[in-house]
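# Report on the structure
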Amino acid sequence: MSNSQGRSSEVSRQTNETNIKLSFDIDGTGKTNLETDVPFLNHMLDLFTKHGQFNLDVKAQGDIEIDDHHTVEDIGICLGQVFREALGDKKGIKRYASVFIPMDEALAQVVVDISNRPHFEYRAEYPSSRVGSFDVELVHEFLWKLALEARITLHVIVHYGKNTHHMVEAVFKALGRALDEATSIDPRVTGVPSTKGVL
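Cut-off values and rules
Residues numbered from 1 in each chain as written. Predicted model: local features only at pLDDT ≥ 70, side-chain atom pairs only at ≥ 80, totals over all residues. Heavy atoms only, no water. Helix = DSSP H or I, 4+ residues; strand = E, 2+ residues; numbered from the N terminus. Buried < 20%, exposed > 50% of the residue type's maximum accessible area, 1.4 Å probe, protein only. Phe/Tyr/Trp six-rings, centres within 6.5 Å; stacked < 30°, edge-to-face > 60°.

### Quick notes on unusual backbone geometry
If a residue is not glycine, its phi is most likely negative; likewise, a peptide bond is most likely trans. One non-glycine residue with positive phi stands out, namely Q53, at about 55°. Its place among the elements puts Q53 in the loop between α1 (39–52) and β5 (55–62). One non-glycine residue with positive phi stands out, namely D104, at about 55°. Position of D104 among the secondary structure elements: in the loop between β6 (96–103) and β7 (106–113). With a relative accessible area of 61%, D104 lands in the exposed category.

Shown next, in the form of structure tokens:
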């Protein structure tokens with residue numbers, strides 16, 4: 001459900017695997033209220049929100065007795081859905097962004113086009129497959145589902161790093177900054193920034 005007073009949206013998703021309520025405000029102040037069964041994802045979503053200057057509330061329960069996969073995937077789906085809904089007609093947005101973020105020895109880059117054409121490219125090689133109990137391959141799952149449901153073109157490149165936690169953290173910080181820039185309003189833009197006339 002979209003908020004006509006601003007660029008915000010909320011969604012509920014209940015399946016046999018997860019139960020999620022999520023709300024998102026593009027024009028926020030970096031505030032989070034995160035209650036999921038996946039602590040590392042909470043940490044990453046907090047970084048994403050604060051560095052993107054969004055507001056994000058997530059309440060999610062999932063079948064983590066199996067693993068974290070369904071919870072992480074479905075939160076990515078929900079975040080993509082509310083992001084797309086909150087953007088509305090996309091009039092006046094910058095549309096594109098490219099952001100590099102260092103995290104100590106790690107360097108990540110996120111390039112985004114709010115294109116209405118979902119596409120995801122991911123270039124990352126991590127030195128370890130887990131951060132604590134979190135399976136690092138779920139970063140790909142989360143980002144791909146976010147790009148698909150938000151209908152954005154998303155390229156994520158981790159150029160280098162030695163610490164897996166730092167590398168993933170740089171990705172989420174860069175994602176927040178890139179989406180903040182791409183959704184910001186450019187007063188020079190009339191209508192949508194596309195020769196097609198629609199996005």
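### Focus on the packing of aromatic side chains
Within this structure, the stated rule accounts for seven aromatic pairs. Taking 6.4 Å as the distance between ring centres and 20° as the angle between the ring planes, the aromatic pair formed by F120 and W144 counts as stacked. On the criterion of sequence distance, the pair formed by F120 in strand β8 (residues 119–123) and W144 in helix α3 (residues 137–150) is long-range, its members being 24 residues apart. When its relative accessible area of 11% is taken as the criterion, F120 is described as buried. These aromatic residues form a ring-pair network of at least three members: F24, F48, F54 and F83.

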